[in-house]
Amino acid sequence: MVNVLIVDDDIYYAKNLMNIINTKNNTVRVCNICINGKEALNIINTINDIDVIVLDLQMPIYNGMYLLNALPEEKYKESIIVISGDNELVSRLRNSKKIFTYINKLYDMEKIAEKVEELIIYKEERKTNK
């Protein structure tokens, strides 16, 4: 089972995205939704087997940039899909090794779910090629 964490302060958006991701593939499940980076850090420190993080950048308390900096690079290398409508913030993250891809939050949620699928396939291929 692949565990996905969604971090987004828009709870309705996050729940809709969770439903799409959970129905797209029966080996993938959204294990939690967090509405800010502080909550996400608590979950990440509690649940050790999070494989993919879908992360919004603009949130209260600890924003997505803070969370990205707080996560260990080796564990989350190419494991994060950033969703944001703020291209300026995204441009600051171009060199982050933790990020698999960026996608505009305004895109159809199906496209975001497809990116989750792409990331899972990529990670599986990377494991077998080691």
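A quick note: this is a predicted structure, and the numbers were derived from the prediction, not measured.

1. So, helix H5 (residues 109-128)
Next up, step 1: In this model H5 runs 29 Å from its N-terminal to its C-terminal C-alpha over 20 residues, within 8% of the 28 Å that 1.5 Å per residue would give.
Next up, step 2: Here H5 has its buried residues at Met109, Ile112, Ala113, Val116, Glu117, Leu119, Ile120 and Lys123. The arc that holds the buried residues of H5, viewed along the axis, is 160°, so those residues lie on one side.
Next up, step 3: Buried residues along H5 sit against strand E1 (2-7), helix H1 (11-24), strand E2 (28-34), strand E3 (52-56), strand E4 (80-84) and strand E5 (99-104).

2. Regarding H1
Next up, step 1: Over its 14 residues, H1 runs 20 Å from end to end, which matches the ideal 20 Å to within 8%, given 1.5 Å per residue.
Next up, step 2: What H1 keeps buried is the set Tyr13, Ala14, Leu17 and Ile21. Seen from one end, H1 has its buried residues packed into an arc of 95°, which puts them on one side. Across H1 from its buried face, at more than 90 degrees, point the exposed residues Tyr12 and Thr23.

3. Here's the deal with the confidence of the model for the protein chain
Next up, step 1: Mean pLDDT for the protein chain: 90, with 99% of residues reaching 70 or above.
Next up, step 2: For the protein chain, helix H4 (residues 87-91) is the element with the lowest average pLDDT, namely 75, and E3 is the one with the highest, namely 96.

4. Digging into unusual backbone geometry
Next up, step 1: Of note in this structure, isoleucine 61 is not a glycine but carries a positive phi near 65°.
Next up, step 2: Residue position: isoleucine 61 is located in the loop between E3 and helix H3 (64-70).
Next up, step 3: Even without being a glycine, glutamate 78 presents a positive backbone phi close to 50°.
Next up, step 4: As for its position among the elements, glutamate 78 is in the loop between H3 and E4.
Next up, step 5: Exposure remark for glutamate 78: the relative accessible area of 22% places this residue in the partly exposed category.

5. What about the pattern of salt bridges?
Next up, step 1: Applying the stated criterion across every chain yields a total of 5 salt bridges.
Next up, step 2: For lysine 105, the salt bridge goes to aspartate 8, with nearest N and O atoms at 2.8 Å. Taken as a pair, lysine 105 in the loop between E5 and H5 and aspartate 8 in the loop between E1 and H1 lie far apart in primary sequence, 97 residues in all.
Next up, step 3: Note on aspartate 8: relative accessible area 0%, which makes it buried.
Next up, step 4: Taken together, the shared-partner salt bridges connect Asp8, Asp56 and Lys105 into one network.

Procedures and definitions
Residues numbered from 1 in each chain as written. Predicted model: local features only at pLDDT ≥ 70, side-chain atom pairs only at ≥ 80, totals over all residues. Heavy atoms only, no water. Helix = DSSP H or I, 4+ residues; strand = E, 2+ residues; numbered from the N terminus. Expected span 1.5 Å × (residues − 1). Buried < 20%, exposed > 50% of the residue type's maximum accessible area, 1.4 Å probe, protein only. Arc of directions from axis to C-beta. Contact = heavy atoms within 4.5 Å. pLDDT = per-residue confidence, 0-100. Salt bridge = Lys/Arg side-chain N within 4 Å of Asp/Glu carboxyl O.

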